[in-house]
Amino acid sequence: MEKLFTEMPVITENEMQNALDFSSKQVINNLPDFTYKFQKAYSENGFYQPIENDDWTTGFWTGEIWLAYEFCKDDRLKKAALIQVDSFLNRIDQKIAVDHHDMGFLYSPSCVAAYKLVGSEKAREAAIKAADQLITRFHPVGEFIQAWGAMDEPENYRLIIDCLLNLPLLYWATEETKDEKYREIAEKHIHTAIKNVIREDYSTWHTFYFNMQTGEPDHGATCQGYRDGSAWARGQAWGIYGSALAYRYTKREEYVDIFKHVTRYYLEHLPKDMVPYWDLEFGEGSSQPRDSSSASIAACGMLEMAKYLDETDAAYYTKLAKQMIKSLYDNYAVKDPDTSNGLVLHSTYSNHSPYNTCNHYGVDECNSWGDYFYMEALTRMLKDWKQYW
Ligand code: GLY
């Protein structure tokens, strides 16, 4: 294994404590505005505005509250998170903006977390209903979970790499209910996704289309990346964390290899400070915006995989994760609550390019999952974390 980034410093335990301490205080300070409301997906000029529980991203905010609760055990956090659990149960009961694949992003860090941490039965009910909702998007022809849009339209007959993070909800549902249907669907989707979204050079497609009649793989395309053939930085990070989780749940040896190669591609396309530009097409010195959230996601994926590897490999990926988080802590994390109510700056949600159809929003801002995964990575490094995914 050729060594990369050998000179970069790792985050110390003291710095991890400081980072989680600041993050937890920031979360507590946000509770008055964000208990009955949720954070918008991205900040504007550094500040999140409150929204209803109707976007795919609201679970990350509740997840931050739970992670802060795990760190400092302040009862105000538990109380607020449980109020949000009520909202998640209502959302799935009323079917408010749930006809898409993001049930895992919504319900794992909010409700599965609530059930695991404090035994909330309401949270359990909500998360199982969310798993039931998620499997309605499975296509037996093609064997994948469709990300967005109506289920009978060829232009929507595709999976996206991000979905690998939605599948732990299904494994959890099988574990809880003993009904194998959730696990079987998750397994089929993982297999189809990994077979198709990983390119020969281990860069990744963001999205992949299938033939509606035959289920045969058709073609890859980007949605949020710079162009079809490039590697969207967050997509590659979803691939790193997603392949680690795929291994955790299936124990298929080939996913270890996939993880190593997809991670390698990512590392080889990072600028010097280990925080990618929004697409891996852009390297050191580019004037393009960064996506700091991608680094936090990749760090969590490496820390997850390290649990299953031999000592040498585990130490290698753990060190890389600690270096990445150190870079975020030093140069990207919010230090002053007067400048932002978020945690990590310089993230990119949706950036327009000449080759994609994205609108421009949440560019060079905090975003909700960037903040969440930063806290998750810090928590993973400080203790043996009982994970939400
Ligand atoms: N899952 C959507 C995104 O990463 O922006």
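Located above this text is the structure these notes cover.
This structure is a prediction, so every number in the text was calculated from the model and none was measured.

In the contact formed by helix α3 (residues 75-94) and helix α5 (residues 121-135), the axes pass within 9 Å of each other and the chain directions differ by 35 degrees. For the crossing formed where α3 meets α5, the hand is left-handed. Seen from α3, the contacting residues are V85, D86, F88, L89, I92 and D93; seen from α5, they are K122, A123, E125, A126, K129, A130 and Q133. Taken together, the residues of the contact of α3 with α5 break down into 7 nonpolar, 1 polar and 5 charged.

Relative to strand β7 (residues 217-221), strand β6 (residues 207-210) is paired through 4 bridges, and the arrangement is antiparallel. Opposite F208, over in β7, you have G220 as the bridge partner. Counting the residues between successive antiparallel strands, the hairpin from β6 to β7 contains 6 residues, one of them, G215, with a positive phi of roughly 80 degrees.

The subject of this paragraph is the site of the ligand. Looking at the ligand, the residues that line it are W56, D162, Q224, W232, R234, W238 and Y349. Q224 places a side-chain nitrogen or oxygen 2.8 Å from an oxygen atom of the ligand. Between R234 and the ligand, the recorded distance is 2.6 Å, taken from a side-chain N or O atom to an oxygen atom. Here the ligand, which alone exposes 200 Å², has 95% of that area covered by the protein. Looking at the shell around the ligand residue by residue, the class counts come to 4 nonpolar, 1 polar and 2 charged.

Here the focus is the sheet that holds β6. As summarised here, the arrangement of the 3 strands in space is β5-β6-β7, forming an open sheet in which the pairing is antiparallel. Edge positions in the sheet fall to β5 (158-160) and β7, since each has one partner strand and no second. If you compare each strand with its neighbour and ignore which way they point, the axes differ by 25 degrees on average.

With 18 residues, helix α8 (residues 233-250) should cover 26 Å at 1.5 Å per step; its first-to-last C-alpha distance of 25 Å lies within 8% of that length. Of all 18 residues in α8, 16 are buried, a share of seventy percent or more. Looking one or two places after α8, you find K251, whose phi comes out positive at around 60 degrees.

Where helix α10 (residues 292-306) contacts helix α11 (residues 311-331), the two axes come as close as 8 Å, and the packing angle between them is 155 degrees. Compared by their axis directions, α10 and α11 come out roughly antiparallel. For the element pair α10 and α11, the recorded crossing hand is left-handed. For the pair α10 and α11, the contacting residues are S292, A295, S296, A298, A299, M302, L303 and A306 in the first and A314, Y317, T318, L320, A321, M324, I325 and L328 in the second. Its residues assigned to classes, the contact of α10 with α11 comprises 13 nonpolar, 3 polar and no charged.

Here the focus is the pattern of salt bridges. Throughout the structure, instances matching the rule amount to 25 salt bridges. A salt bridge links D21 to K25; the shortest N-O distance between them is 2.8 Å. With D21 and K25 both in helix α1 (residues 13-30), this residue pair falls 4 residues apart, about one helical turn. D21 gets classed as partly exposed once you look at its relative accessible area, which sits at 31%. Take K25: its relative accessible area is 48%, and that puts it in the partly exposed class. The shortest N-O distance in the salt bridge between K129 and D93 comes to 2.8 Å. Here the residue K129 occupies a position in helix α5, and D93 occupies one in helix α3, the gap between them amounting to 36 residues. A network of salt bridges, in which partner residues are shared, links R248, E304, K307, E376 and R380.

The rules behind each value
Residues numbered from 1 in each chain as written. Predicted model: local features only at pLDDT ≥ 70, side-chain atom pairs only at ≥ 80, totals over all residues. Heavy atoms only, no water. Axes fitted to C-alpha atoms, helices over the stretch in contact; angles between N-to-C directions. Helix = DSSP H or I, 4+ residues; strand = E, 2+ residues; numbered from the N terminus. Left-handed = near helix turned anticlockwise from the far one by under 90°. Contact = heavy atoms within 4.5 Å. Nonpolar A, V, L, I, M, F, W, Y, C, P; charged D, E, K, R; others polar. Pairing = 2+ DSSP bridges. Near = heavy atom within 4 Å. Polar contact = N/O pair within 3.5 Å; in protein donor to acceptor, adjacent residues only side chain to side chain. Areas by Shrake-Rupley, 256 points an atom, 1.4 Å probe, with all protein chains shown as cover. Expected span 1.5 Å × (residues − 1). Buried < 20%, exposed > 50% of the residue type's maximum accessible area, 1.4 Å probe, protein only. Parallel < 35°, antiparallel > 145°, perpendicular 65-115°, else oblique. Salt bridge = Lys/Arg side-chain N within 4 Å of Asp/Glu carboxyl O.

Keep in mind these values describe shape, not function.
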